[in-house]
Every structure is written in C-alpha cells, then in structure tokens.
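Each chain is listed here by its residues.
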Amino acid sequence: MANIAIDSVKERTFDAIVIGSGASGGWAAKELTEKGLKTLLLERGRDVVHVKDYPTTNLYPYELEHRGEITHADKMANPIANRCYAYREDSRHFFVKDDEHPYIQEKDFDWIRGYQVGGKTLLWARQTQRWSEYDFEGPARDGFAVDWPIRYADIAPWYSYVERFVGIAGNKDGLATLPDGEFLPGYPLNAVEDHFRNSVDRHFKGRHIISARCAHLSKPQPIHIEQGRVQCQNRILCQRGCPFGGYFSSNASTIPWAQKTGNLTLRPHSVAHSVLYDEESGQATGVKVIDTNTLEEIDFYAKVVFVNGSTLNTNLILLNSVSDRFPNGLGNDNGLMGKFVAFHNYTARISAEYDGLLQYRTDGRNPAGGGYIPNFRNVEKQETDFLRGWAAAFGASRYENRDSSGVGGALKAGLLNGKWSNWRVHSHMMAETIPKEENRVWLDADKKDKWGVPLLHVSVDYADDDWQRRQDYYDRMTEMYEAAGFTNIKTQDDGRRPGNDIHEMGGVRMGHDPKTSLLNKWNQLHLCKNVYVTDGACMTSTATQNPTLTYMALAARAVNHAVQELKQG
Amino acid sequence: MNRRASIRTMLYIAGGTLVLPACFRQSGRASIELVNLKVSDEDETLLEILVETLIPTTDTPGGRELLLHLFVLKMVDDCHSPEDQQSFVRGLQSFDGWARNELGVPFGDAENERRERLLERIGDAGDAVGKFFSLLKRRTIQGYMNSQYVMTNLVKYELVPGRYNGYFPMETADGSTEKVEGW
C-alpha cells in the first residue's frame, strides 16, 4: 500500500514541494517541473480531473434537481458559502462547506474556499489586469504599509510570460494605469457600453472605459491547443468547470502540463501542517503533511518549498511552523506575520436605465462581462481626503420582460411572448483597501481542527476610509451616468462582509527590510531563504486590480530565481 | 406528445427527482417522494388542477402534462423554510374551502372558465390564501419556463452559444433583421 511505499525517506524526498494547487501553486508546479525538478504538489482537498470531474458541466437547467437553487437545508447549514454569489446548485461541490474547516471570526469575515485540485481557479471570475507602476509605488508615495521591493519593470516580463500561456482576451488600450499585455482579441463592448465609453471620453479627462480583460481563449494559439484547450464557447457556465478549457484553470492548464513532464507527483488529500526547519543548516527541509484519509502524519522533504495555500491558509501554515529558532512561526522574528491583512471593498453597486440605442440588443453571451473602469483616483497626485482609489466593472444589457399577471391562456401567452426592456446598466466597485496592522489573523492556543492544526482567528474589518472611497465611487459614477443620459440612477450598498470579495491578501508581506516585512523581493522568507510565498499572502498592498494574474507572474518569477539559486548551490 | 417524450418529461420534472410508479398512489397518478411536506392525494389533485388552470393545455402542453404540480411540491419541500411549508399546506386547504364557497362546487369540478375567473380575484380570498397562491404561481411559472419542453421548443435555451454580438439588430416590424456578422 501507499504507506509502505513512502516508508523510506528517499521515497519521501523531492527536489521541490509546492503547497496548494490553485492559480499560483499550479504555476509554481508547472515552472518547477518544466525546469526538471522532481516536484511534489500537495493539495488538501480531493482530486478534480479536467472534464472528467465536472459532473454538472453539460446539464441543461431542467436537469438540475432544483433548477440551480440551493436548498433550504443547505442555506441553514452553510451561511458563509451561501453568501458567495457563485455558490449554486451546479457549482456547490467545488466549495468548502462551513463545517468542513471551521475558523474563528473575531469580526464578521466570509472566508470563501475551494479545497480541491485546482482550488478556486475553477470558481474565479477570470478578470485579469496588470498592476501599473503607480500601484507598486503607492505605499512609498502615500506613506502606508511598507515600500514594495519590486517595481513594474521587475514583473512586466513575467506578466507577458504568464499571459501567453494562460490566454488573456483584451485590447491594447495604451493606459499607463493599466499596462497592456500579451492579448488575444478582446471581447467587444456592446452598443450602450460603447456609448458610455464615448461619453466618458468626451466629458471626463483621464477616465476610461475599456473592454474587461479576462482569461478566456477568444482565439486560441498553438500553445493553448497544445494544452488541450479550445476556443471559449460563450457559455458563461464557468463555475461548473469548462469542458472546452475555454478559460484558465489549474485543472485545464498548468497541472496537466506539469504532469506531462513526468516530474510531478500530485498528492491530494494532503493537509500541510507545517514547514519543517533545520536549525543547523538554517533552511527548511520539507513539509509535514496530514493525510486526510488516514489522519497519518507524514514528513516530505525537499530543497525548496513553495507555500501557495491561499492567503489565509498560507499564513496559518507558516504561523504553525514553529521550532526552537522560530517559536512564533517560520521567519517571524518581527512578529508581523498574520498582520496587515487587506482585501478589496466590493460593497457598492450603481444601476440605471437608458432609453437610447433601442435598435440594438445583444445576442449570445460575453465571457468578459462587459467593460472595466481602471482606477483614475489619486493617480498622479493626491486629490482626495482618502488615499488611493477604486476600479469598477460596468455592463449594459436588455432582457425580455415576460408578463406574469393573469391566469390561463393569457398568462401562458404573456410568458412565451417576451418584450425587450430598455437598456439596463450596472456597475460594481472594486476599491483598494489600506493594509492595517489591526487587520490580522492568528492561531488559537488550544483549539484544533480535525487534522490537529490550530484554528485560525480572523479579525479583519472595514475602516472609515473605505466608506470615503465608496462615496467617491457613488459620486463620480453618478456624474458619469448623468453625462451619458442614463436615468433612474440607483446606488446600492450591498452590505457584504470583508472576505466576500474573495481577494484576501497579505499577512506575509514583501518588503526590503526583515524588520518590517517577511519576504524579500524574490518572495523568499528573509530568514529562511528556501521558502517562497507567491500567493496572496505576499501582497504588500492591494491596488484595485483582480489579483490572480499578479500571483501567477510572481510565482513564475520566483521559481526562476529558486532554480538559479539551486544551480549555484 | 408521444409516450417516449412523456416519460422523458417525467424523469426531468426536477432533475434527478424520483418519480414514483403510479401504483403507489390510490389515484393511479405519478407522484414524488416528499421529505417535509404532508400532502394528501386530494391535495395533490387540487394542485394539479391549479397548475393546469394557470398554464392550460393549448396547442402546446400545459401544467398537468408538464407535471408542474410535482415541481412545485419538490421546490416547496426542499427550498423553503418549515414556516413557508406549513403556510403553503394551510393555504392550499383554505383555498379549497374558499373555492367551494365561491363556486358552489369543488374547484376541480367547476368549468375551466369559472376556475380562471375565480383565480383572477384571488385577492378576495384573504392573506393566507394569497400567500399560498403567490408561491404556487411563482413556482409554477419557474417550472414552466425551465421545463424541458419550453426550453427546447418555445423559449430556447442555448447551452453552447459560441458567439457574442453586442450590436444585434432588433427585429423590424416585418420580422426581418439586418444580417450582421458577430465578432
């Protein structure tokens, strides 16, 4: 059996270990194996094999027992998961249920998780924007957090490298605030999205509406075909897993690619308990794993360890990696590990109507979702009472009104003969938040989960500046809507809890100085250099962009560095 | 609808929902297993007539043939709170009494025309019946619009559109559209 095979230390020794198989872990595994390193990829959840393990992917709505709805019992049992917009009957099997992995909410925090091979890449919103120089300079210029130890030029080639493989649909927009990348053809804006773009161009200097950039194959290239992926078919059923590989997931892309090298050992059902540290060499030697099937504790060894467990779990694993040398967590001499956790504020929406351009509607579905408004606030200089800014999504659509009044033949006719509505426009905010020391996570001293790992306390909340940024979003968007002739403008606070943006970041931040940060410019722990962290935990600040593309680029860059270091011995 | 199509419809009332063989019920009708709701054979018959009155058979199938009453029961059983379930069952019984009073005969025995007229003034029946009826109607419409029949034949659902056009011309008065290439 497996246990006998792993009895010998040799069988448990690899060149590299990667903890976590989501976006950044999948990338680390791909890069390491391609460079010839025998790599163990640990995943705490079950395996999900591309296509084969997407049970709902080809179901029609009438083939779903509750037509996509979540049952009352499920809602009662899983209030956290149910607050995620993507938690539906057809996707619920890819989400962690509330009782599967408890955590302690010091303040309300929705920790949305996907524990399986591929992690949340099966569930993500697939929006992919580069950070700009303004974003990396932000903390130093504005005096918060610590200075990023890298600048745009350090990561730009790695954005390109990752984008070519992932496949990003987008247009060359020529904006300094949102650098262009290696794009497949962008998805088009529709008639009213274009109208809004033109109106904003005319009336507001420095503000732009672009087609949202997303990880969909609008026109697959040979590198994508080689991965077994084909053109996105505009289904927008992405959270079921895509049988076409039309969008990027670890399952469709990096993991099978790593497997083809022959250098990957994928080990699902493996909770990373802690990183093992050897005081004599001053290096990490491997990872202690709990097999979730047998509850056995198994040590695996490697020369280099990548921690990509997702932001909060990466914090948890490192805080739990205690030794005589590091009693407070691996590399945590300064006591800052778990602190300065930040996120994106998604609590605001604004909708309106438009009575023009009624000669058009849309046909088919747009995987990009519509338009994107890059941050234009406090870019060149400080303009407002609050720091930093916000980005926003923008979309327009029409729907078929179906008259459901009446009964009998009149009702039936009303339902079957829809009448097109006027255009409805909608936007939601994606605001930067400022990392604050009091927004933090830590381990419980006594309580443990069923794998013997301490429970995580989460104390993360909004602050007053978040509401200032939100008011600015309402004000600026309202003036842009009015200039475009939109009517019936309605703002809406959606009341979501921190965490429900699913962009938690930080806790193991990068920086120049070991006294004020945990990771250096190569994503190595300052105090234990063969441990790399390239998921959201490494983030020094949050900017406004959807962060996944940046994690993937940092992961590829860090692997390149790690392999060079190993070669130099 | 031929028999094969009919069997397929039954299997799809609600995804994997098990349709019990007819012999399980005294009435000889198909039914489904319920976990929370306590519904008698008579209740189910009344619901069947109600969904058929709401969505009647015309040149296309109606609520009865599409088993919308079973869909409604399935959704109320699984997707509503115990309080909603109780008020649904109580409301159904109140409706039965109110209809008998108003029509002089049980709802199911009245002519279709009279049943429709009665449902049009459901507002007179009081809050309990009103709440029941709005839940029934909402779930009936959902079941109808999401039925295999409607999604295949009337308001077609595309699983794989394979296209997006943001400037699709609206139909002109004569029903024609200008031919425009998508991207």
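What you see is a predicted model, and the numbers here were worked out from it, not measured in a lab.

What counts, and where the lines are drawn
- Residues numbered from 1 in each chain as written.
- Chains lettered and ligands numbered in written order.
- Predicted model: local features only at pLDDT ≥ 70, side-chain atom pairs only at ≥ 80, totals over all residues.
- Helix = DSSP H or I, 4+ residues; strand = E, 2+ residues; numbered from the N terminus.
- Buried ≥ 20, exposed ≤ 12 C-beta atoms within 10 Å, placed from the backbone.
- Contact = placed C-beta atoms within 7 Å.
- Rg over C-alpha atoms; globule rule 2.2 N^0.38 Å.
- Nonpolar A, V, L, I, M, F, W, Y, C, P; charged D, E, K, R; others polar.
- Pairing = 2+ DSSP bridges.
- Core = buried A, V, L, I, M, F, W, Y, C linked by C-beta atoms within 7 Å.
- Domains from an automatic or database assignment.
- Expected span 1.5 Å × (residues − 1).
- Right-handed = clockwise from strand over helix to strand, strands pointing away.

> What am I meant to see in the overall build of chain B here?
Counting its regular elements, chain B contains seven helices and three strands. With 183 residues in all, chain B has 34% of them scored as buried. Considering only contacts within chain B whose residues lie at least 6 apart along the sequence, 56% involve residues at least 24 apart.

> Help me out: how do you make sense of the overall build of chain A in this one?
Along chain A, the regular secondary structure elements total 13 helices and 26 strands. Relative to its length of 569 residues, chain A is compact, with a C-alpha radius of gyration of 24 Å against a globular reference of 25 Å. Its C-alpha atoms give chain A principal-axis dimensions of about 75 × 55 × 50 Å. Out of the 569 residues in chain A, the part that is buried amounts to 54%. For chain A, the share of sequence-separated contacts (at least 6 apart) that also reach a separation of at least 24 residues comes to 71%.

> Sorry if this is basic, but what is going on with the interface of chain B and chain A here?
Note on interface size: it is often stated as the accessible area lost on association of the parts. Contact with chain B, which involves 43 residues of that partner, is made by 39 residues of chain A. Residue contributions to the side of chain B that touches chain A peak at six residues, all from strand E3 (residues 164-169) of chain B. Taken together, the residues of the side of chain B that touches chain A sort by class into 24 nonpolar, 15 polar and four charged. Here strand E15 (residues 360-364) of chain A pairs with E3(B) via four bridges, running antiparallel. Bridge pairing in E3(B) links A:Gly364 to B:Tyr164.

> It is not clear to me how the nonpolar core should be interpreted in this structure. Could you clarify?
Buried together is how nonpolar side chains tend to be arranged in soluble globular proteins. Residues A:Ile17, A:Val18, A:Val275, A:Val287, A:Val305, A:Ala392 and A:Met552 are the most contacted members of the largest nonpolar core, which totals 156 residues. At ten residues, helix H13 (residues 548-568) of chain A tops the list of elements feeding residues into this core. Counting contributing residues per domain, this core is built from domain 1 (2-170 + 213-342 + 437-458 + 504-568) and domain 2 (186-212 + 347-387 + 389-433 + 462-497) of chain A, each supplying no fewer than three. Counting 36 residues, the second-largest nonpolar core is a separate cluster that includes B:Leu66, B:Val72, B:Phe107 and B:Val129.

> It is not clear to me how helix H6 (residues 127-145) of chain B should be interpreted in this structure. Could you clarify?
Residues separated by three or four positions in an α-helix point in the same direction, a consequence of the helix having 3.6 residues per turn. For H6(B), built from 19 residues, the straight-helix expectation of 27 Å at 1.5 Å per residue is met to within 8% by its first-to-last C-alpha distance of 27 Å. Of all the positions in H6(B), only B:Val129, B:Phe132, B:Phe133, B:Leu135, B:Leu136, B:Lys137, B:Arg139, B:Thr140, B:Gly143, B:Tyr144 and B:Met145 are classed as buried. The inward-facing, buried residues of H6(B) contact helix H11 (408-416) of chain A together with helix H2 (41-54), helix H3 (68-79), helix H4 (82-103) and helix H7 (148-154) of chain B.

> I would appreciate a short explanation of the pairing of strand E2 (residues 39-42) of chain A in the present structure.
Within a regular strand, side chains alternate between the sheet's two faces. Residues and elements named next belong to chain A. Here E2 shows a buried face lined by Thr39 and Leu41 and a second buried face lined by Leu40 and Leu42. The handedness of the strand E1 (residues 16-19) to E2 crossover, carried by helix H2 (residues 23-34), is right-handed. Pairing geometry for E2 and strand E7 (residues 264-267), over four bridges, is parallel. Directly across from leucine 41, in E7, lies its bridge partner leucine 266.

> I tried to follow the domain arrangement of chain A on my own but got confused; where do I start?
Residue and element names in this part refer to chain A. By the assigned domains, chain A splits into domain 1 (2-170 + 213-342 + 437-458 + 504-568) and domain 2 (186-212 + 347-387 + 389-433 + 462-497). Taking the mean C-alpha position of each, domain 1 and domain 2 sit 32 Å from one another. Counting residues at the interface gives 21 residues for domain 1, matched by 20 residues for domain 2. Broken down by class, the residue content of the side of domain 1 that touches domain 2 amounts to nine nonpolar, eight polar and four charged.

> Just to check I follow, could you spell out the pairing of strand E26 (residues 528-533) of chain A for this structure?
All names here are of chain A. Burial runs high along E26: five of the six residues are buried. Two elements, strand E11 (residues 304-307) and E26, share three bridges in a ladder whose sense is parallel. Note on E26: the bridge partner recorded for valine 305 is valine 531. As paired elements, strand E25 (residues 524-525) and E26 share two bridges and run antiparallel to each other. Residue leucine 525 lies in a different strand from E26, and its bridge partner there is cysteine 528. Hairpin geometry of E25 and E26 is characterised by an intervening segment of two residues between the two adjacent antiparallel strands.

> Quick question: what am I supposed to make of helix H6 (residues 152-166) of chain A here?
Residue and element names in this part refer to chain A. Here H6 spans 20 Å end to end across 15 residues, near enough to the 21 Å set by a 1.5 Å rise per residue. Looking at H6, one finds that the buried residues are Ile155, Tyr159, Val162, Glu163, Phe165 and Val166. In the core, the buried residues of H6 are packed alongside H2, strand E4 (168-169), helix H8 (222-226) and H13. Taken from the residues just after H6, glycine 167 is the one with a positive phi, measuring 90°.

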